[in-house]
Amino acid sequence: MTPEQLQRAWVLQAQADAERGVLECRMCRRRGPLEETTTLWRNGLLVFALCDRCAASHDVVFSPTQAGVEVRARRRSPVDLATQEVPRVHGPR
């Protein structure tokens, strides 16, 4: 699928989901209730959906373009990766 075809498919699915009150976040792909989702509509069509969880951890900027809407997101804080010390394996003594 081309990016345009994928976008059209997402819009159609999102429209059907919105009618049922459930949307998929475009960032994490989790489905959630409409009341826990920030949505962007253009000309009566849903073009973007963002769950409250992702909105709380990202700065999101929407910009209109000739082709539609550009969306940029940046994490508010660095990702902390928890590391564990590698267990040492002792050979026969």
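Small disclaimer: the values here were computed from a predicted structure and weren't measured. (Residues numbered from 1 in each chain as written. Predicted model: local features only at pLDDT ≥ 70, side-chain atom pairs only at ≥ 80, totals over all residues. Heavy atoms only, no water.)

S.K.: Any chance you could explain the pattern of salt bridges here in plain terms?
M.R.: Pairs may arise between side chains of opposite charge once their charged atoms sit close together. Applying the stated criterion to the full structure yields six salt bridges. The salt bridge involving D17 is made with R20; its shortest N-O contact spans 2.6 Å. Pair noted here: D17 and R20 are both in helix α1 (residues 3-20), with a separation of three residues, about one helical turn. For D17, a relative accessible area of 2% corresponds to the buried category. Under the relative-accessibility criterion, R20 is labelled exposed at 56%. With a closest N to O distance of 3.9 Å, E24 and R31 form a salt bridge. A cluster of three or more residues bridged by salt bridges with shared partners is formed by D17, R20, E24, R29 and R31. (Salt bridge = Lys/Arg side-chain N within 4 Å of Asp/Glu carboxyl O. Helix = DSSP H or I, 4+ residues; strand = E, 2+ residues; numbered from the N terminus. Buried < 20%, exposed > 50% of the residue type's maximum accessible area, 1.4 Å probe, protein only.)

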